[in-house]
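Letter by letter, the chains look like this.
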Amino acid sequence: MAREKLGQQELKAALDALGGWTLAADGLSMSRSFVFKNFSEAFAFMTRVAMAAEQLDHHPDWSNVYKTVDVTLNTHDAGGLTELDFKLAKRMNGYFGS
Ligand SMILES: C[C@H](O)[C@H](O)[C@H]1CNC2=NC(N)=NC(=O)C2=N1
């Protein structure tokens with residue numbers, strides 16, 4: 001259920017409700033850049049997200065340069081975006097504070 005690809009309308013609604021994330025041109029993934037005050041804060045965020053990712057068994061594609069964490073989410077198995085991506089994205093927004 002949680003790993004089923006969302007339909008076009010579900011996807012639009014979920015993205016609007018979430019806030020801050022951009023849908024890729026092909027519609028198969030979504031991305032957000034999180035910018036922190038410094039490296040420590042960026043890495044603390046990544047640590048919290050890593051715990052959540054393990055809990056959900058759902059993991060981000062991400063990179064970190066100094067105080068910026070660039071994240072892309074999708075569900076490989078489903079070949080697109082699923083409920084799980086939105087669960088993880090919501091946690092990230094929560095840890096970030098918006
Ligand atoms: C076996 C295990 O459940 C899968 O490999 C999980 C792990 N984490 C995952 N994370 C993401 N982002 N997409 C997946 O399809 C995925 N699959």
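You'll find the protein entered in an unreviewed UniProt entry as Putative pterin-4-alpha-carbinolamine dehydratase, with Aminobacter ciceronei given as the organism. Under the heading Sequence similarities (unreviewed entry), UniProt records this for the protein: "Belongs to the pterin-4-alpha-carbinolamine dehydratase family." Of the comments in the UniProt record for the protein, the one headed Catalytic activity (unreviewed entry) reads "(4aS,6R)-4a-hydroxy-L-erythro-5,6,7,8-tetrahydrobiopterin = (6R)-L-erythro-6,7-dihydrobiopterin + H2O".

Visitor: I'm lost on the sheet that holds strand E3 (residues 61-65) in this one. Help?
Guide: Two orientations exist for strands paired in a sheet by backbone hydrogen bonds: parallel and antiparallel. Pairing is antiparallel in the open sheet, where four strands are placed in the order E1-E2-E4-E3. Looking at which strands have only one partner, the edges of the open sheet turn out to be strand E1 (22-23) and E3. Where strand E2 (residues 30-35) lies against strand E4 (residues 68-73), six bridges are found, and the strand directions are antiparallel. Counterpart to Arg32 in the pairing with E4 is Val71. Set on the sheet, helix H2 (residues 39-56) makes contact with E2, E3 and E4; between it and E3 the angle comes to about 160°.

Visitor: Help me out: how do you make sense of the nonpolar core in this one?
Guide: One recurring pattern in soluble globular proteins is that nonpolar side chains are buried together. Judged by nonpolar contacts, the single largest core of 23 residues is most densely connected at Trp21, Met30, Phe45, Leu73, Phe86 and Met92. Among the elements of the structure, helix H1 (8-18), E2, H2, E4 and helix H3 (83-96) are those that each provide at least two residues to this core. The element best represented in this core is H2, accounting for six residues.

Visitor: Teacher, can you tell me more about the site of the ligand here?
Guide: Arg3, Asp57, His58, His59, Asn74, Thr75, His76 and Asp77 make up every residue found near the ligand. Within the backbone of His59, a nitrogen or oxygen atom sits 2.7 Å from a nitrogen atom of the ligand. Note that a nitrogen atom of the ligand is positioned 2.9 Å from one of the backbone N or O atoms of Asn74. In the complex, 68% of the free accessible area of the ligand, which totals 390 Å², lies under the protein chains. Residue classes in the shell around the ligand are distributed as no nonpolar, five polar and three charged.

Basis of the calculations
- Counting restarts for each chain, with residues numbered from 1 along the sequence as it is written.
- Totals for whole chains, interfaces and linings use every residue, but because this is a predicted model, local features are given only for residues with pLDDT of at least 70 and side-chain atom pairs only at 80 or more, for both listing and counting.
- Side-chain metrics in this entry use all non-hydrogen atoms of the structure; hydrogen atoms and water are not considered.
- UniProt positions are given in the numbering used here, feature names are shortened, and annotations may be inferred rather than shown by experiment.
- Pairing between two strands is assigned when DSSP locates at least 2 bridges connecting them.
- Here a strand is any run of E in DSSP of at least two residues, a helix any run of H or I of at least four, and the numbering for each starts at the N terminus.
- Here, residues are in contact when the closest pair of their heavy atoms is within 4.5 Å.
- The axes are straight lines fitted to the C-alpha atoms, using for helices just the contacting stretch, and the angles between their N-to-C directions are given from 0 to 180°.
- By nonpolar core we mean a set of buried residues, namely Ala, Val, Leu, Ile, Met, Phe, Trp, Tyr and Cys, connected to one another through side-chain atoms within 4.5 Å.
- Throughout, exposure labels follow a simple rule: accessible area from a 1.4 Å probe, protein chains only, divided by the maximum for the residue type, with under 20% read as buried, over 50% as exposed, and the rest as partly exposed.
- Consider each residue's heavy atoms; a residue with any of them within 4 Å of a molecule or strand counts as near.
- Two N or O atoms form a polar contact when they lie within 3.5 Å of each other; inside protein one atom must be a possible hydrogen donor and the other a possible acceptor, and for residues adjacent in sequence the pair counts only when both atoms belong to side chains.
- Per-residue and other accessible areas were derived by the Shrake-Rupley procedure at a 1.4 Å probe size, with only the shown protein chains allowed to occlude residues.
- Gly falls in the polar group here, along with every residue not listed as nonpolar (Ala, Val, Leu, Ile, Met, Phe, Trp, Tyr, Cys, Pro) or charged (Asp, Glu, Lys, Arg).

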